[in-house]
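Coordinate inspection notes
Take a look at the letters that make up each chain.
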Amino acid sequence: LPGSVGGEARIAACPGECEPLSIVLWAPQDLPEVTVSATDLIGADGTISADNIDIKWVKCWYQGGDAPYGIRVTREKKTLIPELLLNDDTLVRVDIENERNYLKLRFDDGAQYVPIDDPEAVPWGNKYTLEEFPVRDAPELLPIQLPARFNKQVWVTVHVPTGTAPGRYTGQLEISGAGRTLAQIPLNLRVLPFDLPSAKTHYDAGEDFTYSLYYWGELDPEGAGTIGYKYKSPVQFRAELEYMYEHGIVSPAMIWSPGVVYGDEELLREQLGVMREVGMSGGPLVMADSGLVRNPTEAEELERLRENVRRTVAIAAEYGFAGVYFYGIDEARGDVLRSQRPAWEAVHEAGGRIFVSGYEGHLEEVGDILDLFNRAGAAENARPAEWHERGNRIWNYANPQTPVEDPGIYRRNYGLFLWRLDFDGACTYCFMDSSGRPWNDFDGSSYRDHNIAYPTVDGVVGTLAMEGFREGADDVRYATALTGAIAEAAAHGTQQQRARARQASQWLEGLDLKQADLDDVREKIIDAIVDLRDTADGRGL
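Residues numbered from 1 in each chain as written. Predicted model: local features only at pLDDT ≥ 70, side-chain atom pairs only at ≥ 80, totals over all residues. Heavy atoms only, no water.

A few points about the pattern of salt bridges
Side-chain pairs of opposite charge can arise whenever the charged atoms involved come near each other. The test is simple: By definition here, a salt bridge exists when the distance from a side-chain nitrogen of Lys or Arg to a carboxyl oxygen of Asp or Glu is within 4 Å. A helix here means a DSSP run of H or I that spans at least four residues, while a strand means a run of E at least two residues long, and both kinds are numbered starting from the N terminus. Residue exposure (1.4 Å probe, protein chains only): buried if accessible area is under 20% of the type maximum, exposed if over 50%, otherwise partly exposed.
What the rule picks out here adds up to 43 salt bridges. A salt bridge links arginine 238 to glutamate 277; the shortest N-O distance between them is 2.6 Å. Here arginine 238, found in helix 1 (residues 234–246), pairs with glutamate 277, found in helix 3 (residues 265–278); they are 39 residues apart in sequence, far enough to count as distant. Taking the relative accessible area as the measure of exposure, glutamate 277 reaches 54% and is therefore exposed. Measuring nitrogen to oxygen at the nearest pair gives 3.2 Å for the salt bridge that ties arginine 437 to aspartate 443. On the accessibility criterion, aspartate 443 (11% relative accessible area) is buried. Because the salt bridges share partners, they merge into one network encompassing Glu17, Glu19, Arg411, Glu471, Asp475, Asp519 and Arg522.

Focus on the nonpolar core
Grouped burial of nonpolar side chains is what soluble globular proteins tend to show. To be explicit about the condition: As used in this record, nonpolar core signifies buried Ala, Val, Leu, Ile, Met, Phe, Trp, Tyr and Cys residues forming a set joined through side-chain atoms within 4.5 Å.
Counting residues in each nonpolar core, the largest one holds 114 residues, and the members touching the most others are Tyr214, Leu241, Trp344, Phe355 and Phe431. Broken down by element, the residue count for this core peaks at 12 residues, all from helix 11 (residues 464–492). Ranked by size, the runner-up nonpolar core spans 29 residues in total, among them Ile11, Trp57, Ile144 and Val160.

Some points on unusual backbone geometry
The omega angle of the peptide bond from asparagine 399 to proline 400 is 5 degrees, so this bond is cis rather than trans. Take proline 400: it is sitting in the loop between strand 23 (393–397) and helix 9 (407–413). Looking along the chain, the bond that leaves tyrosine 429 and enters cysteine 430 is cis, with omega of 20 degrees. With respect to the helices, strands and loops of the structure, cysteine 430 is situated in the loop between strand 24 (425–428) and strand 25 (454–455). Despite not being glycine, arginine 149 has its phi angle at roughly 55 degrees, a positive value. Looking at the element boundaries, arginine 149 is found in the loop between strand 11 (144–146) and strand 12 (152–159).

Here's the deal with the sheet that holds strand 18 (residues 253–254)
Our working definition: Between any two strands, pairing holds if DSSP finds at least two bridges. In what follows, a contact means two residues having at least one pair of non-hydrogen atoms within 4.5 Å. To get an axis, fit a line to the C-alpha atoms, keeping to the stretch in contact for a helix; angles then go from 0 to 180 degrees between the N-to-C directions.
One open sheet accounts for eight strands, arranged 18-15-24-23-22-21-20-19; its pairing is parallel. Of all strands in the sheet, those bounded by a partner on one side alone are strand 18 and strand 19 (285–286). Bridging between strand 19 and strand 20 (residues 324–327) involves two bridges; their strand directions are parallel. Across the sheet, the residue bridging to leucine 285 is valine 324, located in strand 20. Lying over the sheet, helix 6 (residues 341–349) contacts strand 20 and strand 21 (353–358), oriented at roughly 145 degrees with respect to strand 21.

Considerations on the packing of helix 3 against helix 4 (residues 299–318)
Convention followed: Throughout this description, any angle smaller than 35 degrees is read as roughly parallel, any larger than 145 degrees as roughly antiparallel, any in the 65 to 115 degree range as roughly perpendicular, and the remainder as oblique. Crossing handedness is read from the near helix: turned anticlockwise from the far helix by less than a right angle, it gives a left-handed crossing, and turned clockwise, a right-handed one. In this count, Pro and Cys sit with the nonpolar residues alongside Ala, Val, Leu, Ile, Met, Phe, Trp and Tyr, while Asp, Glu, Lys and Arg are called charged and the others, Gly among them, polar.
Between helix 3 and helix 4, the least distance of the axes is 10 Å, while the angle of their chain directions is 40 degrees. The orientation of helix 3 with respect to helix 4, classified from their angle, is oblique. The way helix 3 lies across helix 4 gives a crossing that is right-handed. When helix 3 is examined against helix 4, the residues Glu265, Leu268, Arg269, Leu272 and Arg276 are found in contact with a partner set consisting of Arg311, Ile315, Ala316 and Glu318. Considering only residue class, the contact of helix 3 with helix 4 consists of four nonpolar, no polar and five charged.

What about the packing of helix 1 against helix 3?
Two quantities define a packed helix pair, namely the angle between the helix axes and the distance between the axes. Look at helix 1 against helix 3: their axes get within 10 Å of each other, and the N-to-C directions meet at 40 degrees. The pairing of helix 1 with helix 3 is recorded here as oblique in orientation. Considering only the axes of helix 1 and helix 3, their crossing is right-handed. Residues Phe237, Arg238, Leu241, Glu242 and Tyr245 of helix 1 form the contact with helix 3, whose own contacting residues are Gln271, Val274, Met275, Glu277 and Val278. The class makeup of the residues in the contact of helix 1 with helix 3 is six nonpolar, one polar and three charged.

A short note on the side chain of lysine 232
Which entries qualify depends on this criterion: Counting of polar contacts relies on pairs of N or O atoms within 3.5 Å, with two restrictions inside protein: one atom must be capable of donating a hydrogen and the other of accepting it, and residues adjacent in sequence are counted only when both atoms are side-chain atoms.
Here lysine 232 lies in strand 17 (residues 231–232). Using a relative accessible area of 0% as the deciding quantity, one classes lysine 232 as buried. A polar atom in the side chain of lysine 232 sits 2.9 Å from the side chain of glutamate 240.

So, the packing of aromatic side chains
Selection rule: For Phe, Tyr and Trp, where Trp contributes only its six-membered ring, two rings pair if their centres lie within 6.5 Å, and the inter-plane angle classes them as stacked under 30 degrees, edge-to-face over 60, or tilted in between. Two limits define a charge over a ring: the Lys NZ or Arg CZ must be within 6 Å of the ring centre, and within 35 degrees of the ring normal.
Tallying each qualifying case throughout the model produces 20 aromatic pairs. Relative to phenylalanine 431, the ring of tyrosine 243 lies with its centre 6.3 Å away and its plane at 55 degrees, an arrangement referred to as tilted. Residue tyrosine 243 is found in helix 1, and its partner phenylalanine 431 is found in the loop between strand 24 and strand 25; the two are separated by 188 residues along the sequence. For the pair formed by tyrosine 243 and phenylalanine 431, the shared burial category is buried. Summarising the aromatic geometry, the rings of phenylalanine 373 and tryptophan 387 are spaced 4.7 Å apart at their centres and angled 25 degrees between planes, so their arrangement reads as stacked. Note that phenylalanine 373 is positioned in strand 22 (residues 372–376) and tryptophan 387 in helix 8 (residues 384–389), a separation of 14 residues in sequence. Across this residue pair, the class does not change: phenylalanine 373 and tryptophan 387 are buried. Of note, lysine 78 hangs over the ring of phenylalanine 442, and the distance from its end group to the ring centre comes to 5.4 Å. The ring centre of phenylalanine 417 lies 4.7 Å from the NZ or CZ of lysine 514, which sits over that ring.

Topic: the confidence of the model for the protein
Keep this limit in mind: The pLDDT score gives, residue by residue, the confidence of the prediction method on a 0 to 100 scale.
Summarising the model, the protein shows a mean pLDDT of 94, and 96% of its residues fall at 70 or more. Confidence drops under a pLDDT of 50 for residues 535–541, and excluding neighbours within four residues, the segment shows 16 contacts in the predicted structure.

A word on the side chain of asparagine 374
Assignment of secondary structure puts asparagine 374 in strand 22. Under the relative-accessibility criterion, asparagine 374 is labelled buried at 0%. Among the polar contacts made by the side chain of asparagine 374, one reaches the main-chain amide nitrogen of asparagine 396 at a distance of 3.3 Å. When near neighbours in sequence (up to four residues on either side) are disregarded, asparagine 374 contacts Tyr214, Phe355, Val356, Ser357, Gly358, Trp395, Asn396, Tyr397 and Cys427.

What about the sheet that holds strand 12?
A sheet is described by the order of its strands in space; here six strands give the open sequence 2-12-6-7-26-25, paired in antiparallel fashion. Each having just a single partner strand, strand 2 (18–25) and strand 25 make up the two edges of the open sheet. In this structure, strand 2 lies alongside strand 12, joined through eight bridges in antiparallel fashion. Opposite valine 24, over in strand 12, you have glutamine 153 as the bridge partner. Across the face of the sheet, helix 1 comes into contact with strand 25 and strand 26 (460–463) while running at roughly 25 degrees to strand 26.

What follows is the structure, given as structure tokens:
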């Protein structure tokens, strides 16, 4: 692990931003009841309460296939990989000697561990109800038993409240155990003198760069919810949307069934209401179930489609959504792709837009009527300029999908690299999708579970991959701030500021974003923004 022993933890963040850091604990002997806490952060112009500092244990557990990179099931191979962010480190018990995972279920009469690594040995069957599968994390960080000579990673997220005055804020992370204080790590936060804007595209500062994830979740008509990827209780549904929004996902691609969208207005309205309350309205509503449009050709079927689209667009508008994208047939090719043209035209006639995933040939086949194309795989040859010439937008997914446990890949591939290729956003698959049980990576028939988060009865367990996704989104927001500062200095600055703006632009455009150290890039972007905004001496904070 890169880093240093002891020393000081230093981070920089804008007001309103969440910024993570990580430490690793190690001791020469066993230590009981080890925990980590934070003090308030004190600055010259105010205090940031310790309540704004979230601390989680990083949990390593066994995953299947070619973890952390492959997406297919390989039951014979198990890889111990860091992934989960937990308050209760004992929620998952890992038997390293026998390469086994066990999950804690909290029943009314006590806790019980069940195996979650071998479909042949799982005694509890397909238990998805909240009563049968009561998995929940603790509401706050619990102590751990730290074995001798064992690395234990800790994930710390500092949320800088909106409106916080810029400057230096200091406090400390305190590690205690065995009834005493073991260490104190100074925590130095630099609150930056500017706010982060929403992410905008590289090719046009007036166009949104949108972060999305495919999301199967919809409210359980019975109100009960499940420990699965589809049917949610109201508490689960809200918690998962809030978790996405907190990590930069402003417009998830809702895989809501036609029966809900077209046939259950009450449930549809309830779901839209929660999205609005979370903060996800304002832009378009993106829906991603292939059954919403299909490829009808008969006049009666097309008119029924138009009526469904008109009604859905009107309802969504009541909740603040600026238009609705309806999904075509997922990853269709050839005749099936072309057969959708009459249906897509009907959607347009009724005031809707078309969104679908696919491959290179989509530009030639349907580029004139596909409003939002989610390009699968590597992004380098996707020809975004040609989509923009047609007045359409292009996102990227499956680069990779979410079984991959390496957060750095998500930050790089869906962050500045994608931004500078002139894409309009990212939407990979999937927030949560399990081939079998969502907590068992070994029970699918072909693929590993596509989870960037895990369901509980009352919330969600996050992952390092989602943290990487958020950092990629924040990288784009910082680049957006820099391009704005460059444009302002070029238009209204002094001769010296205009020269700085040209230098900053040349540096940003010349970055090798396949190889660059993204932490170093972030620091240099911050320095350039402060330099362009500051007085002639350019020192900043």
